[in-house]
Amino acid sequence: MVYITRRETFAAAHRLFNPELTDEENYKLYGKCSNPNWHGHNYTLEVVVAGKPDPSTGFVMDIKQLKEIIRKNVIEKVDHKNLNIDTDFMIGILPSAENIAIAIWRQLEDKIPSGKLYSVKLYETENNYFEYKGE
Ligand code: NI
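Predicted model, so just to flag it, every value in this text is computed and none were measured. (Residues numbered from 1 in each chain as written. Predicted model: local features only at pLDDT ≥ 70, side-chain atom pairs only at ≥ 80, totals over all residues. Heavy atoms only, no water.)

Q: When you look at the side chain of His14 in this model, what are you seeing that I'm missing?
A: Structurally, the position occupied by His14 is in strand β1 (residues 2-14). Residue classification places His14 among the buried residues on the basis of a relative accessible area of 0%. At 3.2 Å, the side chain of His14 forms a polar contact with the side chain of His41. Within polar-contact distance, the side chain of His14 engages the backbone oxygen of Pro95 at 2.9 Å. Sequence-distant contacts of His14, defined by excluding residues within four places in its chain, comprise Cys33, Trp38, His39, His41, Tyr43, Asn82, Leu83, Asn84, Pro95 and Glu124. (Helix = DSSP H or I, 4+ residues; strand = E, 2+ residues; numbered from the N terminus. Buried < 20%, exposed > 50% of the residue type's maximum accessible area, 1.4 Å probe, protein only. Polar contact = N/O pair within 3.5 Å; in protein donor to acceptor, adjacent residues only side chain to side chain. Contact = heavy atoms within 4.5 Å.)

Laid out in structure tokens, this is it:
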């Protein structure tokens, strides 16, 4: 099995909050990520597709095509957007990095033409990343 990875970056705003809690309780739970007037992160996304190279092309899948699939279905919808309000596939979902990774997986899962989506890894900061492998 060969694992191919495409990395993309995007900048997005969000706010983590549970509407059943007060602002103060939200701050206790989510810290600065619950700032009522939003804040941003520079996210890095890594998408991994696993498969066997096609004997005629040598490719698991064309990685240029993977780039285009990610840009069209994810990056265009999140870059310089507010994840709580602007991004169709995040509406009604608390935009924690865990939930963003799951939602991105769902955006991409059925669009991979050969091989299989293996993992979606989302860096919210340089030191914190969140990886989803399905299920
Ligand atoms: Ni945040």
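From this point, things continue past the structure.
Q: Help me understand the nonpolar core in this model?
A: The tendency in soluble globular proteins is for nonpolar side chains to be buried side by side. Counting 30 residues, the largest nonpolar core has Leu45 and Val74 as the members making the most contacts within it. Elements that contribute at least two residues to this core include exactly β1, β2 (39-51), α2 (63-78), α3 (97-108) and β4 (116-123). Sequence-distant contacts of Val74, defined by excluding residues within four places in its chain, comprise Leu45, Ile69, Phe89, Ile104, Gln107 and Leu108. (Core = buried A, V, L, I, M, F, W, Y, C linked by side-chain atoms within 4.5 Å.)

Q: I'm lost on the pattern of salt bridges in this one. Help?
A: Pairing between side chains of opposite charge can happen when the charged atoms of each approach one another. Within the structure shown, the criterion is met by 7 salt bridges. The partner of Glu8 in a salt bridge is Arg6, and the shortest N-O contact between them spans 2.8 Å. Here Arg7 and Glu46 are joined by a salt bridge, their closest N and O atoms 3.1 Å apart. Separated by 39 residues along the polypeptide, Arg7 in strand β1 and Glu46 in strand β2 bring together distant segments of the chain. Take Arg7: its relative accessible area is 55%, and that puts it in the exposed class. (Salt bridge = Lys/Arg side-chain N within 4 Å of Asp/Glu carboxyl O.)

Q: So what exactly am I meant to see when it comes to the coordination of the nickel ion here?
A: In an ideal tetrahedron of four donors about a metal, each angle is 109.5 degrees. In an ideal octahedron of six donors, the angles are 90 or 180 degrees. On the protein side, the nickel ion has His14 (NE2), Cys33 (SG), His39 (NE2) and His41 (NE2) as donor atoms, found 2.0 to 2.1 Å from it. Note that the nickel ion binds 4 donor atoms; their angles at the metal cover 92 to 123°, and the shape is tetrahedral. Sequence spacing of the donors to the nickel ion: H-x18-C-x5-H-x1-H. Here the residue His14 occupies a position in strand β1, and His41 occupies one in strand β2, the gap between them amounting to 27 residues. This pair shows no difference in class: His14 is buried, exactly as His41 is. (Donors = N, O, S within 2.8 Å, 3.2 Å for Na, K, Ca; no water. Tetrahedral: all angles 85-135°; square planar, octahedral: opposite > 155°, others 65-115°.)

Q: Explanation requested: the sheet that holds strand β3 (residues 81-82) in the structure shown.
A: The 5 strands lie next to each other as β3-β1-β2-β4-β5, forming an open sheet whose pairing is mixed. Each of the sheet's edge strands pairs with one partner strand only, and the pair in question is β3 and β5 (129-132). The pairing of β1 with β3 spans 2 bridges and is classified as parallel. Looking at the pairing, Ala12 lines up with Lys81 of β3. Seen against the sheet, α2 touches β1, β2 and β3 and runs at an angle of roughly 20° to β1. Across the sheet, α3 touches β2, β4 and β5, and the angle it forms with β4 is around 150°. (Pairing = 2+ DSSP bridges. Axes fitted to C-alpha atoms, helices over the stretch in contact; angles between N-to-C directions.)

Purely geometric numbers; function is a separate question.
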